[in-house]
Amino acid sequence: MDLPIEDFIALRNLIYERTGMFFGENKIYYIKKRLHKRMQVCCADTVHEYIRFLKFFDPKQREFQELVNLLTVNETYFFREFSQLKVFAEHCLPEIVEQKQRTGDTTLKLFSAGCSTGEEPYTLAIILSEMLDDPTQWEVMIKAVDIDENVLKTARRGVYDPRSVKDVPPAYLEKYFTTPSPGVFAVKPELQEMVVFEHLNLMDRRALRYENNYDFIFCRNVLIYFDDAARKQLVERFYTMLNKGGFIFLGHAESLSRISTAFKIRKMDGHIVYQA
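Residues numbered from 1 in each chain as written. Predicted model: local features only at pLDDT ≥ 70, side-chain atom pairs only at ≥ 80, totals over all residues. Heavy atoms only, no water.

(A) Representation of the packing of helix H2 (residues 28-42) against helix H3 (residues 47-56) within the structure. One way to put it is that H2 packs onto H3 with a least axis distance of 10 Å and a crossing angle of 70°. With respect to H3, the element H2 is oriented roughly perpendicular. On H3, the residues touching Leu35, Arg38, Met39 and Cys42 of H2 are Val47, Tyr50 and Phe53. Among the residues making up the contact of H2 with H3, the classes are represented as 6 nonpolar, no polar and 1 charged. (Axes fitted to C-alpha atoms, helices over the stretch in contact; angles between N-to-C directions. Helix = DSSP H or I, 4+ residues; strand = E, 2+ residues; numbered from the N terminus. Parallel < 35°, antiparallel > 145°, perpendicular 65-115°, else oblique. Contact = heavy atoms within 4.5 Å. Nonpolar A, V, L, I, M, F, W, Y, C, P; charged D, E, K, R; others polar.)

In structure tokens:
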């Protein structure tokens, strides 16, 4: 299958317009490998035909969604980037809890962007269950979103293989998971009840407009998909989504320094954290 540069750019631009995800020309082979599968399904002989199909014969964007599902990388596991989660659990969470207790506020809202197959939001649910003195006294809501509908199906099931749970402490594995069969680990209902999964395009301003009053936003290893303009737009929206004093967590290789000056920069246990 040929992927002429002009067709790659046309497809890349369409993806960018609809999702904010930007693929540089170094991603031609990556796109080509996945594109071929969808072209076969749509019986498109050329990339130009496939792009035309996406634009004019896919009114509900179902085929476009299938393409996006293939293009997003979903590398994740429980307790990923543990040292950062430790900062969240031992420093940021107690600070927010103390603030809320002074005002009698018993709500805790967390937003997990690009949640993939659900390991991150379920990890957050475990941490909250362990760190809150009395979790039953709190109204906890973890909103977990992703643009890939396929991974959300896995997330809602909450069933994982040994690789996904390799970093879960044994005591937590016993406490928060069941093993319906050898090598299968299912999240217990009490954790599932804490998380709401939703299909969401982070570039959909209308959808994000209804997301507010969050105490924590986790957007780890997501900004790498966007160009500078899209990153700036998204981070500005995240700032308005957070309560005053709320925290946003990025991936280790990501930074807000070139994107926004709205957040306070704090250092905790050797980690940079950003606070609204």
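(B) Looking closely at the pattern of salt bridges. All told, the structure shown has 15 salt bridges when counted by the stated rule. Between Glu81 and Arg220 there is a salt bridge; the shortest N-O distance is 3.6 Å. Of this pair, Glu81 sits in the loop between helix H4 (62-71) and helix H5 (82-103) while Arg220 sits in the loop between strand S7 (214-219) and helix H11 (228-241), placing them 139 residues apart in sequence. In this structure, Arg258 and Asp228 form a salt bridge, with 3.3 Å as the shortest nitrogen-oxygen distance. Placement of the pair is Arg258 in the loop between strand S8 (242-250) and strand S9 (264-268) and Asp228 in helix H11, with a sequence separation of 30 residues. Residue class for Asp228 comes out partly exposed when judged on its relative accessible area of 45%. One network of salt bridges, in which partners are shared, links Glu81, Glu120 and Arg220. (Salt bridge = Lys/Arg side-chain N within 4 Å of Asp/Glu carboxyl O. Buried < 20%, exposed > 50% of the residue type's maximum accessible area, 1.4 Å probe, protein only.)

(C) Representation of the nonpolar core within the structure. Grouped together as the largest cluster of nonpolar side chains are 49 residues, with contacts concentrated most on Phe111, Leu202, Ile217, Phe226, Phe238 and Ile248. Elements supplying a minimum of two residues to this core: helix H1 (5-19), H2, H3, H4, strand S1 (107-113), S7, H11 and S8. Contacts of Ile217, omitting those with residues within four sequence positions, involve Phe111, Phe238, Met241, Leu242, Phe247, Ile248 and Phe249. Core analysis: the second largest hydrophobic core is formed by 43 residues, Leu108, Ala144, Phe185 and Phe249 among them. (Core = buried A, V, L, I, M, F, W, Y, C linked by side-chain atoms within 4.5 Å.)

(D) Expanded view of the packing of aromatic side chains. Evaluated as defined, the whole model comprises 17 aromatic pairs. Summarising the aromatic geometry, the rings of Phe111 and Tyr214 are spaced 5.2 Å apart at their centres and angled 70° between planes, so their arrangement reads as edge-to-face. Of this pair, Phe111 sits in strand S1 while Tyr214 sits in strand S7, and the two are 103 residues apart along the sequence. Each of the two residues, Phe111 as well as Tyr214, counts as buried. One aromatic cluster is present, formed by Phe78, Tyr122, Tyr160, Phe177 and Phe197 through successive ring pairs. (Phe/Tyr/Trp six-rings, centres within 6.5 Å; stacked < 30°, edge-to-face > 60°.)

(E) Region of interest: the sheet that holds S1. With mixed pairing, the 7 strands of this open sheet are ordered in space as S6-S2-S1-S7-S8-S10-S9. The sheet is open, and its two edges are formed by strand S6 (195-199) and S9, each paired on a single side. Shown here is a sheet whose adjacent strand axes are inclined to one another by a mean of 25°, direction ignored. Both S9 and strand S10 (residues 271-275) contribute to a ladder of 5 bridges, which runs antiparallel. Paired with Lys267 across the strands is Ile272, a residue of S10. Running at roughly 165° to strand S2 (residues 139-146), helix H6 (residues 119-131) makes contact with S1, S2, S6 and S7 of the sheet. (Pairing = 2+ DSSP bridges.)

(F) Spotlight on the pairing of strand S5 (residues 184-187). Here strand S3 (residues 159-160) runs beside S5; their pairing, made up of 2 bridges, is antiparallel. Residue Tyr160 lies in a different strand from S5, and its bridge partner there is Phe185.

(G) Molecular detail of H4. Extensive coverage of H4 is indicated by the burial of 7 of its 10 residues. Every buried residue of H4 is listed here: Glu63, Phe64, Gln65, Leu67, Val68, Asn69 and Leu71. The inward-facing, buried residues of H4 contact H1, H2, H3, helix H7 (149-157) and S6.

(H) The arrangement of the pairing of strand S4 (residues 177-181) in detail. With 3 bridges connecting them, S4 and S5 associate as antiparallel partners. Looking at the pairing, Phe177 lines up with Val187 of S5. Where S4 folds back onto S5 in an antiparallel hairpin, the turn is made up of 2 residues, including Gly183, whose phi is positive at roughly 80°.

(I) View of unusual backbone geometry. Even without being a glycine, Gln61 presents a positive backbone phi close to 55°. In this fold, Gln61 is placed in the loop between H3 and H4. Taking the relative accessible area as the measure of exposure, Gln61 reaches 34% and is therefore partly exposed. You will see that Phe79, though not glycine, has its phi angle at about 60°, which is positive.

Shape is all these values report; function is a separate question.
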